[in-house]
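# Results of the structural survey
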Amino acid sequence: MLNKIPLFTILQFFCITVIFNSCALITEPSPWNEEVVPVVFSIITPGEEVQVYVGTSYSEDTTTNHYTPSKVFISEKDSSWIELNAQDSAVYSTNNIHIKSGSTYLLKVETGTETVYAQTTVPTLDAEIIDGKCIRISDSSGDNVNVSTYNCLLKVQLRFSENKEYGYYLTAFSNVIASFLFSGSETFELPNFIVERRVSAFNIQMTTVDPNLKKFLRAVEIESSTFDGGDITYVLALYGGNYPAYSNITNGVGLFGSFVKNSKLIYVTNN
């Protein structure tokens, strides 16, 4: 099993695989392959530090899940490589690169025995929440004196990108409330949306994920229950060293993906 990496808790997105033995969307060797290979995970987004996890796939013959020494580099396409700093035996990071929406980034990891490559193009910012409202329907307890929450009807108007390969997630109160893997309707309604009585307004976030991350989430089938663009520790704890069900890493396995976010303040009203 992988060691717990506390530094990953500051990421804004999870970037690790899970112990599913599904064969869906496999682009690298199957999960039952016992060859020890480099494992690399990184998800980048504008405004956040770049972090990369470097490890190995599981083997009963190995005593560590980390490659040492390793050198990790990132660059915007057609630009110079920037070396990341080692934070511990598995995590590398840098603030010396400005991640931009619409730009393509290359990742390179030199393990000493392998050179691992990957690339991602950060989604553009043309998908957004246009408008939305949260209408009180009833209190959730039936007791007007002691009511603490309301049942509401949430209505949201969306605009999707022209890029049909993106995936989308709506998040409110740190929970996923909808996922759109194939764009979908531009009008989203959610009945029985629970809001605390003290809340008069709240933010809804729309996360647009690149095609690699979209395929990864589909392959592991966890998008609707765990993806909120937040803490990745939960998913990290599930990784058992098996080959992931989807990978876009050359000369290794794992994921190099990206995402952008758009948010909208939604008011709670009576009509």
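Residues numbered from 1 in each chain as written. Predicted model: local features only at pLDDT ≥ 70, side-chain atom pairs only at ≥ 80, totals over all residues. Heavy atoms only, no water.

### Digging into the overall build of the protein chain
Formally: Each helix corresponds to a stretch of at least 4 residues labelled H or I by DSSP, and each strand to a stretch of at least 2 residues labelled E; elements are numbered beginning at the N terminus. When accessible area is computed with a 1.4 Å probe and restricted to protein chains, residues below 20% of their type maximum are described as buried, those above 50% as exposed, and intermediate ones as partly exposed. The contact definition used throughout considers only heavy atoms, calling two residues in contact when any of these lie within 4.5 Å.
Regarding its fold elements, the protein chain presents three helices and 15 strands. A buried classification covers 49% of the 271 residues belonging to the protein chain. In the protein chain, the proportion of contacts linking residues at least 24 apart, taken out of those at least 6 apart, comes to 71%.

### Digging into the side chain of N212
What counts is decided by this rule: Counting of polar contacts relies on pairs of N or O atoms within 3.5 Å, with two restrictions inside protein: one atom must be capable of donating a hydrogen and the other of accepting it, and residues adjacent in sequence are counted only when both atoms are side-chain atoms.
If you trace the backbone, N212 turns up in helix α1 (residues 211–220). One polar contact links N212 to Y246, side chain to side chain, over a distance of 3.0 Å. Excluding residues that lie within four positions of it along the chain, N212 makes contacts with Q119, T120, Y246, N248, L255 and F256.

### Description of the sheet that holds strand β7 (residues 104–110)
What counts is decided by this rule: Paired strands, as defined in this entry, are two strands with at least two bridges between them according to DSSP.
Pairing is antiparallel in the open sheet, where four strands are placed in the order β4-β3-β7-β8. Every other strand in the sheet has two partners, leaving β4 (82–83) and β8 (115–121) as the edge strands with one partner each.

### Some remarks on the nonpolar core
So the rule is basically this: Take the buried Ala, Val, Leu, Ile, Met, Phe, Trp, Tyr and Cys residues and link them wherever side-chain atoms come within 4.5 Å; each set so joined is a nonpolar core.
Counting residues in hydrophobic clusters, the biggest one holds 25 residues, and the most contacted among them are C134, L154, L158, L170, F202 and I204. The element that contributes the greatest number of residues to this core is strand β10 (residues 149–159), accounting for five residues. If near-sequence neighbours (up to four positions away) are discounted, L170 is found in contact with I129, L158, N175, V176, I177, A178, F180, F188, I204, Q205 and M206. Core analysis: the next-biggest nonpolar cluster, separate from the first, contains 20 residues, I44, V50, V52 and F256 among them.

### Examining the side chain of K108
Among the secondary structure elements, K108 is positioned in strand β7. Setting aside its immediate chain neighbours within four residues, K108 contacts K71, V72, F73, W81, T115, V116 and Y117.

### Concerning the packing of aromatic side chains
We count it as follows: Each aromatic pair joins two rings of Phe, Tyr and Trp (for Trp, the six-membered one) with centres within 6.5 Å, and gets the label stacked for planes under 30 degrees apart, edge-to-face for over 60, and tilted for any other angle. By definition, being over a ring means that NZ of Lys or CZ of Arg is both within 6 Å of the ring centre and within 35 degrees of the ring normal.
All told, the structure shown has eight aromatic pairs when counted by the stated rule. Look at F41 and F216: their rings are 6.4 Å apart centre to centre, the planes differ by 70°, and that puts the pair in the edge-to-face class. Of the two residues, F41 sits in strand β1 (residues 38–44) while F216 sits in helix α1, which places them 175 residues apart along the sequence. Overall, the relative accessible area of 1% leaves F216 in the buried class. Seen from their ring centres, F173 and F202 are 4.9 Å apart, and the 35° between their planes marks the pair as tilted. Here F202 lies in strand β14 (residues 201–209) and F173 lies in the loop between β11 (167–172) and β12 (175–180), a separation of 29 residues in the sequence. Classification of F173 by relative accessible area gives partly exposed; the value is 40%. Of the aromatic side chains, those joined through ring pairs into one cluster are F160, Y168, F180 and F188. Above the face of the F73 ring, K108 is positioned so that its terminal group lies 5.0 Å from the ring centre. Across the ring face of W81, the terminal group of K108 is positioned such that the distance to the ring centre comes to 4.6 Å.

### Comments concerning the confidence of the model for the protein chain
Just so we agree on the cut-off: For every residue, the pLDDT score states the predictor's confidence, bounded by 0 at the bottom and 100 at the top.
Scored by pLDDT, the protein chain comes out at a mean of 78, with 70% of its residues at no less than 70. The weakest mean pLDDT in the protein chain belongs to helix α2 (residues 223–226) at 43; the strongest belongs to β4 at 98. Scored below 50 in pLDDT, residues 1–32 makes 107 contacts in the model with residues more than four places away or belonging to other chains. Contacts of residues 223–240 to residues separated by more than four positions or lying in other chains number 60 contacts, the stretch itself having pLDDT below 50.

### Quick look at the environment of V116
As for its placement among the helices and strands, V116 is situated in strand β8. Taking the C-alpha atoms as reference points, V116 and V39, separated by 77 residues in sequence, lie 9.1 Å from one another. Once residues within four sequence positions are removed from consideration, V116 is found in contact with P38, V40, L107, K108, V109, I249, T250 and N251.

### A short note on the pattern of salt bridges
Stated precisely, the cut-off is as follows: Take a side-chain nitrogen of Lys or Arg and a carboxyl oxygen of Asp or Glu: if they are within 4 Å of each other, that pair is a salt bridge.
Scanning all chains against the criterion turns up four salt bridges. Ionic pairing is found between K100 and E76, a salt bridge with its closest N-O pair at 3.3 Å. A residue pair is termed long-range when its members are at least 10 positions apart, and K100 in the loop between β6 (91–94) and β7 and E76 in strand β3 (residues 71–76) qualify at 24 residues. Of the residues examined, K100 reaches a relative accessible area of 33% and is grouped as partly exposed. The partly exposed category is assigned to E76, whose relative accessible area is 22%. Between E128 and R159 there is a salt bridge whose closest N-O contact spans 1.8 Å. In this pair, E128 sits in strand β9 (residues 128–139) while R159 sits in strand β10, placing the two residues 31 residues apart along the sequence.

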